[in-house]
Amino acid sequence: MILFDRVSKIYASQTRPALDAVSLEIEKGEFIFLVGPSGSGKSTFLRLVLREERPTSGQVWVAGKELSKLSNWKIPGLRRQIGTVFQDFRLLPNKTVAENVAFALEVIGKPKSHIKRVVPEVLEVVGLEGKELRRPDELSGGEQQRVAIARAFVNRPMILIADEPTGNLDPGTSADIMKLLDRINQLGTTVVMSTHDSNIVDQMRRRVIELDGGHLVRDQSRGVYGYAQ
Amino acid sequence: MRATFVASEVSSGLRRNLTMTLAVIITVAVSLGLFGASLLVRAQVTTMKDFWYDKVEVSIFLCSKGSDTPSCSGEAVTQAQRDQIKSDLESLRPLVQEIFYESKADAFKRFQEQFKNSPIADNVTEGALPESFRVKLSDPTSYEVVASAFAGRPGIEQVNDQRQILDKFFRLLGGLQLIALLIALSMLVVTVLLIVNTMRVAAFSRRRETGIMRLVGASNFYIQLPFLLEAAFSAGVGALLAIVGLIITKAVVIDQILAPSFQFTSFVGWDAVFAIAPIMFVTGILLAGLAAFFTLRKYLRV
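With an unreviewed UniProt entry as reference, chain B is termed Cell division protein FtsX, source organism freshwater metagenome. As its UniProt record puts it under Subcellular location (unreviewed entry), chain B is described as follows: "Cell membrane". Its UniProt record gives chain B the following Sequence similarities (unreviewed entry) comment, quoted word for word: "Belongs to the ABC-4 integral membrane protein family. FtsX subfamily."

As recorded in an unreviewed UniProt entry, chain A goes by the name Cell division ATP-binding protein FtsE, listed as coming from freshwater metagenome. Its UniProt record gives chain A a comment under Sequence similarities (unreviewed entry), which states: "Belongs to the ABC transporter superfamily." In its Subcellular location (unreviewed entry) section, UniProt records this for chain A: "Cell membrane".

Laid out in structure tokens, this is it:
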């Protein structure tokens, strides 16, 4: 599903590479934790998958396509297969919950009948039925993140990228969000989640990829957050 | 679906940025109005040239008794000289199209007619006006041929080309048109800069939406279309205002005020207005569209 082949990324303003010859493969249906300190290259990794950045060298393959060979007008097609969730939710404050989710479908030109059908479905999946007409500022942080997950998942993407999705949430709410992401994973979507939350990683016992200073320092199935002492 | 979504994006964008929208509409209207006015002046000069060049003549004034021009030596033109001039003019056909002879009596009659209500008419006697040949040329620009053949000949006091007087006037109008065009062009530059800035502000104030659109895989076209339509809409409204201004200028200023006061010449017709209006509209939309397109390419990148 995602394949990095000796991928390096050096930003124009820096001399030290943000990613240094990283090679790894993520299979379809996997659940991946991406861990490492700030500045270790997690965000760069995710941006490369989304083709927001191009690698300086090496190849990035997503859903069977080599991204540096992907022409600009095909990038939207790639992103329609990838859902994204962020620490800061990124909802539109002047739209209701249902409108926020529908927006993702409207802007890729889906017909109204399709939107009317799938938006309530996905809101039920994330547990927000009955809150369709609320606005983001009337919701708790956890609920807002559910809206963001609904928006990312409404198009049934093959890959869900979550960049510290629990970073702004308390432990109890985080656990609920993790249950939701786990459920989405079980529905067949590959989930790649970057996080600093050791409790979550230790509890879930999924594959852990650790980056440090741009190097891949650990790739462990059923791993924990830190090295076992 | 797509159409209603884009339309609602456009209208909310325009309302959110109301002051900038108004500024764009007004500058587009003013700059395109000036642009249209300068085109109208040019059409007017062309109309007047067609009208007047058809009527201008070369006048060959003959000597009267007492003329102090050297070629007259104080004597009136003789019949022999008069006949010679006439036959020489005939030999210049086909450049010379028509030849009228105007006697002192004819000149006096015409003078009385032209200055009917003026006291000058009472002070002028028949003898004071020169007799003349009025020559119409097939090509008014070849005046020099006639002038060099006749100026300074015995019996001829002066050769006059009416076209030269007109040309001074046309040069003045041409200069005015050029000034109007330069002002219009600098205003159009201002308009483009304003649209660039407006688009930048609009792109910035909606960066949240456009960021989400990019992430969920909206095409560039879909992301940029509302912005482009907003720019085109503002420019279109401005252009329509400018066209209304042009129509008012034609209907009121030209037809009601200028035409009755200056009956000796013709003015541009509605055909010129109908020719200029689409040019103004297309110029406005294209300028705004291109300015917006190149700004957005920079600020709304994939």
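Let us keep going from here.
### Quick look at the pattern of salt bridges
With the rule as written, the count across this model stands at 19 salt bridges over all chains. A salt bridge links A:E52 to A:R47, with the shortest nitrogen-to-oxygen separation between them at 3.9 Å. The salt bridge involving B:R82 is made with B:E131; its shortest N-O contact spans 2.9 Å. Of this pair, B:R82 sits in helix 3 (residues 79–91) while B:E131 sits in the loop between helix 5 (120–123) and strand 3 (132–137); the two residues are 49 residues apart in sequence, bridging distant segments of the chain. For the pair formed by B:R82 and B:E131, the shared burial category is buried. The network of salt bridges with shared partners includes A:K9, A:R47, A:E52, A:E53 and B:R214.

### Concerning the sheet that holds strand 10 (residues 215–220) of chain A
Residue and element names in this part refer to chain A. Taken in spatial order, the 6 strands line up as 6-7-8-3-9-10 in an open sheet, and their pairing is mixed. Only two strands of the sheet have a single partner each, and these edge strands are strand 6 (82–86) and strand 10. The mean angle between the axes of side-by-side strands here comes to 15°, regardless of whether they run parallel or antiparallel. In this sheet, strand 10 lies alongside strand 9 (residues 207–212) in antiparallel orientation, the contact comprising 5 bridges. Bridge pairing in strand 10 links V208 to Q220. In this fold helix 5 (residues 141–153) packs onto strand 6 and strand 7 (159–163), with an angle of close to 165° to the strand it touches most, strand 6.

### Quick word on a nonpolar patch on the surface
A surface patch of nonpolar side chains, about 470 Å² in accessible area, is lined by B:F169, B:L172, B:L176, B:I179 and B:I183. Assignment of secondary structure puts B:I183 in helix 7 (residues 162–205).

### Regarding the sheet that holds strand 4 (residues 57–62) of chain A
All names here are of chain A. Taken in spatial order, the 4 strands of this open sheet run 2-1-4-5, and their pairing is antiparallel. Strand pairing shows two members of the sheet lacking a second neighbour, strand 2 (19–26) and strand 5 (65–66), which therefore form its edges. In this sheet, strand 2 lies alongside strand 1 (residues 2–9) in antiparallel orientation, the contact comprising 5 bridges. Residue pairing across strands places I2 opposite I26, the latter belonging to strand 2. This element, helix 1 (residues 42–49), spans strand 1, strand 2 and strand 4 of the sheet and lies at about 120° to strand 1.

### Points about the packing of aromatic side chains
The geometry of an aromatic ring pair is captured by two quantities: the separation of the ring centres and the angle between the planes. Per the counting criterion, the structure on display carries 6 aromatic pairs over all chains. With a centroid separation of 4.3 Å and an interplanar angle of 15°, the aromatic rings of A:F4 and A:F45 are classed as stacked. You can see A:F4 sitting in strand 1 and its partner A:F45 sitting in helix 1, a full 41 residues away along the chain. Pair check on accessibility: A:F4 and A:F45 agree, each one buried. Sitting over the ring of A:F86, A:R90 keeps its end group 3.8 Å from the ring centre. In this structure, B:R206 packs its charged tip against the face of B:F227, placed 4.3 Å from the ring centre.

### Things to note about the packing of helix 2 (residues 18–53) of chain B against helix 7 of chain B
All names here are of chain B. Packing of helix 2 against helix 7 brings their axes to within 8 Å, and their N-to-C directions diverge by 160°. What the angle tells us is that helix 2 and helix 7 run roughly antiparallel. By crossing handedness, the relation of helix 2 to helix 7 is classed as left-handed. Of the residues belonging to the contact of helix 2 with helix 7, the class tally is 26 nonpolar, 7 polar and 4 charged.

### Details of the pairing of strand 3 of chain B
Residues and elements named next belong to chain B. The buried count for strand 3 comes to 5 of 6 residues, which makes it a mostly enclosed element. Pairing of strand 1 (residues 58–62) with strand 3, which is carried by 4 bridges, proceeds in the antiparallel orientation. Residue S59 lies in a different strand from strand 3, and its bridge partner there is R134. As paired elements, strand 2 (residues 96–102) and strand 3 share 6 bridges and run antiparallel to each other. When the sheet's bridge partners are listed, E98 is paired in strand 3 with K136.

### A closer look at the domain arrangement of chain B
Along its sequence, chain B is organised into domain 1 (1–50 + 165–298) and domain 2 (55–161). Centre-to-centre, using C-alpha coordinates, domain 1 of chain B lies 52 Å away from domain 2 of chain B.

Rules used in this analysis
- Residues numbered from 1 in each chain as written.
- Chains lettered and ligands numbered in written order.
- Predicted model: local features only at pLDDT ≥ 70, side-chain atom pairs only at ≥ 80, totals over all residues.
- Heavy atoms only, no water.
- UniProt positions renumbered as here; feature names shortened; annotations may be inferred.
- Salt bridge = Lys/Arg side-chain N within 4 Å of Asp/Glu carboxyl O.
- Helix = DSSP H or I, 4+ residues; strand = E, 2+ residues; numbered from the N terminus.
- Buried < 20%, exposed > 50% of the residue type's maximum accessible area, 1.4 Å probe, protein only.
- Pairing = 2+ DSSP bridges.
- Axes fitted to C-alpha atoms, helices over the stretch in contact; angles between N-to-C directions.
- Contact = heavy atoms within 4.5 Å.
- Patch = residues over 30% accessible without salt bridge, like charges linked within 9 Å, V, L, I, M, F, W, Y side chains within 5 Å.
- Areas by Shrake-Rupley, 256 points an atom, 1.4 Å probe, with all protein chains shown as cover.
- Phe/Tyr/Trp six-rings, centres within 6.5 Å; stacked < 30°, edge-to-face > 60°.
- Lys NZ or Arg CZ within 6 Å of the ring centre and 35° of its normal.
- Parallel < 35°, antiparallel > 145°, perpendicular 65-115°, else oblique.
- Left-handed = near helix turned anticlockwise from the far one by under 90°.
- Nonpolar A, V, L, I, M, F, W, Y, C, P; charged D, E, K, R; others polar.
- Domains from an automatic or database assignment.

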